[in-house]
Amino acid sequence: MGFEEINSKMIRATVTPGRRLFSQRGAMLAYQGDVSFTPNLTGGQGGVRSMIGRRVTGEATPLMTVEGSGTVLFGHGGHHIQVINLSGDTLYVEADRLLAFEGTLEQGTVFLGSQGGVMGVVRGQVSGQGLFTTTLRGHGAVAVMAHGGVIELPITPQRPVHVDPQAYVAHHGDVRNRLSTALGWRDMVGRGSGEAFQLELSGSGAVYVQASEEKL
């Protein structure tokens, strides 16, 4: 099924009987055919633990289940859209940046601190990003949102990548992450830019970086 990129801010999806899509609420721009949109609090195949859109306050934003037969145009807020096709691997993506994905993918939720000690907590509090990252695993297409365009940077064992946490969109592969900073803890509090700290990604894979530090 996949997603067709109409332009940098709009994609088209073909919906067929027996195959579902999931999208962020408010992402539907237009549709043709017999297509239904139903709120889904559990968010795909991952159950209650898979709710996306969690904030520090603990609230959850439901996904919309898209079913039927027809075509749908997706976009949101005029943001740039990047389509990522998965072939059995796992994509880690900021919950706020997830626009739509195919129902063939298994969804989960990861607390960022589980991959880097207190990194998730610090990053969430200092940068304003959420503490939870959505995981999508399997074969299928994912559409993510970003400000000002997206670039894919390869991560190799010889060349780790350092990313401003606010510019981070998603990553995939056998990748480890940790927070690195040249400042003390007291100096770092209240600073949300890359001059204060960076997210270091090492291993083998790729990271998607947006052109702007603006939050969605």
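From a predicted model like this one, the values you see are computed outputs, not experimental measurements.

1. Observations regarding the overall build of the protein
Next, step 1: For the protein, the count of helices and strands is 3 helices and 13 strands.
Next, step 2: The burial tally for the protein puts 49% of its 216 residues in the buried class.
Next, step 3: Split by element, the accessible area of the protein, about 9,900 Å² in all, is 50% carbon and sulfur.

2. Looking at the packing of aromatic side chains
Given two aromatic rings, one states the distance between the centres and the angle between the planes to describe the pair.
Next, step 1: According to the stated counting rule, one finds 2 aromatic pairs in the structure shown.
Next, step 2: Ring geometry for F22 against F101: centres 5.4 Å apart, planes inclined by 25°, an arrangement best described as stacked. Taken as a pair, F22 in strand β3 (residues 21-24) and F101 in strand β7 (residues 98-102) lie far apart in primary sequence, 79 residues in all.
Next, step 3: When its relative accessible area of 1% is taken as the criterion, F22 is described as buried.

3. Regarding the nonpolar core
Next, step 1: Of all hydrophobic cores here, the largest spans 17 residues; its most connected members are F3, I11, L21, V66, F74 and L99.
Next, step 2: Residues in contact with I11, not counting those within four places in the same chain, are F3, E4, E5, I6, V72, L73, F74, I81, V83, L99 and A143.
Next, step 3: Within the second largest apolar cluster, 16 residues are counted, among which are L105, V142, V169 and A170.

4. Notes on the environment of I84
Next, step 1: Tracing the backbone through its elements, the reader meets I84 in strand β6 (residues 80-94).
Next, step 2: On a C-alpha basis, the gap between I84 and F101 in space is 9.4 Å, while along the polypeptide they are 17 residues apart.
Next, step 3: When near neighbours in sequence (up to four residues on either side) are disregarded, I84 contacts L91, G140, A141, V142, V144 and Y208.

5. Some thoughts on the confidence of the model for the protein
Next, step 1: When the pLDDT values of the protein are averaged, the result is 79; 69% of them are 70 or greater.
Next, step 2: The model gives residues 46-60 a pLDDT under 50, and that stretch makes 34 contacts with residues more than four places away or in other chains.
Next, step 3: With pLDDT under 50 throughout, residues 113-130 is counted as low confidence; its partners more than four residues away or in other chains account for 46 contacts.

6. Quick notes on the side chain of H80
Next, step 1: With respect to the helices and strands, the residue H80 is situated in strand β6.
Next, step 2: On the accessibility criterion, H80 (18% relative accessible area) is buried.
Next, step 3: Setting aside its immediate chain neighbours within four residues, H80 contacts S8, K9, V144, M145, A146, G149 and V150.

7. Notes on the environment of T90
Next, step 1: Counting through the fold element by element, T90 comes out in strand β6.
Next, step 2: Classification of T90 as buried rests on a relative accessible area of 13%.
Next, step 3: In contact with T90, other than residues within four places in its own chain, are T135, L136, R137, H171, H172 and G173.
Next, step 4: A distance of 2.8 Å separates a polar atom in the side chain of T90 from a polar atom in the side chain of R137.

8. Digging into the pairing of β3
Next, step 1: Where burial is concerned, the two faces of β3 agree: the one with L21 and S23 and the one with F22 and Q24 are both buried.
Next, step 2: In this sheet, strand β5 (residues 63-74) lies alongside β3 in antiparallel orientation, the contact comprising 4 bridges. Looking across to β5, one finds that S23 is bridged to M64.
Next, step 3: Bridge count between β3 and β7: 3 bridges; the pairing is antiparallel. Residue S23 lies in a different strand from β7, and its bridge partner there is A100.

Conventions we followed
- Residues numbered from 1 in each chain as written.
- Predicted model: local features only at pLDDT ≥ 70, side-chain atom pairs only at ≥ 80, totals over all residues.
- Heavy atoms only, no water.
- Helix = DSSP H or I, 4+ residues; strand = E, 2+ residues; numbered from the N terminus.
- Buried < 20%, exposed > 50% of the residue type's maximum accessible area, 1.4 Å probe, protein only.
- Areas by Shrake-Rupley, 256 points an atom, 1.4 Å probe, with all protein chains shown as cover.
- Phe/Tyr/Trp six-rings, centres within 6.5 Å; stacked < 30°, edge-to-face > 60°.
- Core = buried A, V, L, I, M, F, W, Y, C linked by side-chain atoms within 4.5 Å.
- Contact = heavy atoms within 4.5 Å.
- pLDDT = per-residue confidence, 0-100.
- Polar contact = N/O pair within 3.5 Å; in protein donor to acceptor, adjacent residues only side chain to side chain.
- Pairing = 2+ DSSP bridges.

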